Amino acid sequence: MAGVTTHAGNVVLEIQGAGKRFGERQALDGLDLSLHPSEVFALLGPNGAGKTTTVNLILGFLKADAGTVRVCGVDAGADPVGARRHVAYIPEQVALYPGLSGVENLRYFTTLAGLNLSKGTARTLLAEAGLAETAYERPADSYSKGMRQKVGIAVALASRARLLLLDEPTSGLDPSAAADFSTTVRAAAERGTAILMATHDLYRVREMAGRVGVLSRGRIVEEIDPRTLDHVGLERLYIERLAGSAA
Ligand SMILES: Nc1ncnc2c1ncn2[C@@H]1O[C@H](COP(=O)(O)OP(=O)(O)OP(=O)(O)O)[C@@H](O)[C@H]1O
Ligand SMILES: [Mg+2]
């Protein structure tokens, strides 16, 4: 597992032996994952593998039955509010106020986090998130999914979240929007944000993620450096690792 020992003491996310059961279903079963500043980790797995459950444990919306989840040293089970202070979550569909512009939405959502952004700062953050300048003052109901996600990234940048959680960030984006969004994600990582994304998108993980974990039956069964594999190799690994999986 690349990088785990070299950044000791600077861990943004540390999941150790996390387990979560729903009735008969063991959704997570001994999940281990550590993330450091500037790392982009893709949690790759089929429907039901436990991706959203992992995200919900990090956000403290669910409590693990076993193991621990820590964000910047804060136990998400014991102190979910404290842990969430370090996290920004970008859901699959970012909800914005349709009648407000991108600048107004960003200023509104950051007010909720106790910030008071000037219009100029809001525009700078939207630029850093990769939103086209022509969109800044347009009502958000004219925005595509990719544009809405960029406003979400700008909110995360404003709040200086140490960890950014993305759920299926590229599903429903056309190839050029997905490539463009990859650039935004990498730029956020270069500023020091650690990024965890849940995805099925084998073809984007190579350009977005520095680390890929294949999630099956509630644990990471293999971690790879995606640069060592081409798309065909990645697809083969994914299928082989998941063959016979009940997930
Ligand atoms: N609230 C719940 N109650 C009962 N079972 C649940 C609940 N949440 C998740 N599960 C079960 O836990 C397992 C993991 O679900 P999870 O939503 O984490 O998967 P996922 O990897 O996010 O899948 P998808 O790709 O479909 O979003 C599944 O079998 C699911 O049915
Ligand atoms: Mg899910």
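Think of each chain on its own: its residues are numbered from 1, step by step along the sequence as written. Throughout, the order in which chains and ligands are written sets their labels, letters from A for the former and numbers from 1 for the latter. Side-chain atom pairs in this predicted model are given and counted only at pLDDT of 80 or more, local residue features only at pLDDT of at least 70, and totals for whole chains, interfaces and linings cover all residues. Side-chain descriptors were evaluated using all non-hydrogen atoms of the structure, hydrogens and water having been removed beforehand.

With respect to the pairing of strand E9 (residues 211-216)
- Only protein chains enter the area calculation, which uses a 1.4 Å probe; residues under 20% of their type maximum are buried, those over 50% are exposed, and those in between are partly exposed. A helix here means a DSSP run of H or I that spans at least four residues, while a strand means a run of E at least two residues long, and both kinds are numbered starting from the N terminus. Most of E9 is tucked away: six of the six residues are buried.
- Along E9, one buried face is formed by Arg 211, Gly 213 and Leu 215 and the opposite face, lined by Val 212, Val 214 and Ser 216, is buried too.
- At least two bridges found by DSSP between two strands are what make those strands a pair. Two strands pair when backbone bridges link them, and E9 and strand E10 (residues 219-224) are joined in this way by five bridges, in the antiparallel orientation. Looking at E10, one finds that Val 212 is bridged to Ile 224.

Quick look at the pairing of strand E1 (residues 13-22)
- Of the strand pairs in this sheet, E1 and strand E2 (residues 25-35) are connected by eight bridges, and their pairing is antiparallel. Note on E2: the bridge partner recorded for Arg 21 is Gln 26.
- The sheet contact formed by E1 and strand E4 (residues 66-71) spans five bridges and is antiparallel. Counterpart to Glu 14 in the pairing with E4 is Arg 70.

Some words on the site of ligand 1
- Looking at ligand 1, the residues that line it are Phe 22, Arg 25, Ala 27, Pro 46, Asn 47, Gly 48, Ala 49, Gly 50, Lys 51, Thr 52, Thr 53 and His 200.
- Pairs of N or O atoms within 3.5 Å make up the polar contacts considered here, provided that, within protein, one atom can donate a hydrogen while the other can accept it, and that residues adjacent in sequence are counted only when both atoms are side-chain atoms. At 2.5 Å from an oxygen atom of ligand 1 is found a side-chain nitrogen or oxygen belonging to Arg 25.
- Contacts to ligand 1 include Gly 50, whose backbone N or O atom sits 3.0 Å from an oxygen atom.
- Alone, ligand 1 offers 640 Å² of accessible surface; in the complex the protein occludes 59% of this.
- Every element with two or more residues in the shell around ligand 1 is listed here: E2 and helix H1 (51-58).
- Per-element accounting of the shell around ligand 1 gives the leading share, three residues, to H1.
- Gly counts as polar in this scheme, as do all residues outside two lists: the nonpolar Ala, Val, Leu, Ile, Met, Phe, Trp, Tyr, Cys and Pro, and the charged Asp, Glu, Lys and Arg. Residues of the shell around ligand 1, tallied by class, amount to four nonpolar, six polar and two charged. Near is defined per residue: the residue qualifies when any heavy atom it owns lies within 4 Å of the molecule or strand. Working definition of accessibility: Shrake-Rupley area with a 1.4 Å probe, residue cover restricted to the visible protein chains.

Let's talk about the domain arrangement of the protein chain
- Domain extents, as shown, originate in an automatic or database domain assignment. Looking at the protein chain, the domain boundaries give domain 1 (1-86 + 162-247) and domain 2 (93-161).
- Computed over C-alpha atoms only, the centres of domain 1 and domain 2 are separated by 25 Å.
- Taken together, the contacts link 15 residues of domain 1 with 12 residues of domain 2.
- Put simply, buried area is the surface a 1.4 Å probe can reach on two separate parts but cannot reach once they are joined, added for both. For the pair domain 1 and domain 2, the summed buried area comes to about 1,100 Å², and 57% of that belongs to carbon and sulfur atoms.
- When residues of domain 1 are sorted by the area they lose upon contact with domain 2, Phe 181, Thr 184 and Arg 191 head the list and together hold 40% of the total.
- The partner of Glu 128 in a salt bridge is Arg 191, with the nearest N and O atoms 3.8 Å apart.
- For the pair domain 1 and domain 2, the interface holds six residue pairs in polar contact (both at pLDDT 80 or more).
- Considering every element that reaches the side of domain 1 that touches domain 2, the biggest residue donor is helix H6 (residues 175-190), with four residues.
- Looking at the side of domain 1 that touches domain 2 residue by residue, the class counts come to seven nonpolar, four polar and four charged. It only takes one pair of heavy atoms within 4.5 Å for two residues to be counted as in contact. By definition here, a salt bridge exists when the distance from a side-chain nitrogen of Lys or Arg to a carboxyl oxygen of Asp or Glu is within 4 Å.

A few points about the layout of surface pockets
- There is about 700 Å³ of room inside the largest pocket.
- Surrounding the largest pocket, 23 residues form its lining, Val 87, Ala 88, Tyr 89, Val 155 and Ser 159 being those nearest its centre.
- Elements with a contribution of two residues or more to the lining of the largest pocket: helix H2 (80-84), strand E6 (87-90), helix H3 (102-112) and helix H5 (145-158).
- Built from parts of two domains, the lining of the largest pocket gets at least three residues from each of domain 1 (1-86 + 162-247) and domain 2 (93-161). Detection works on a 1 Å grid of protein atoms alone, calling trapped sets that fit a 1.4 Å probe cavities and calling open sets with protein on both sides within 12 Å along at least five of seven lines pockets, with lining residues defined by an atom within 4 Å of a point. Grid points are joined across faces, edges and corners, and a volume is the space filled by probe spheres set on the points.

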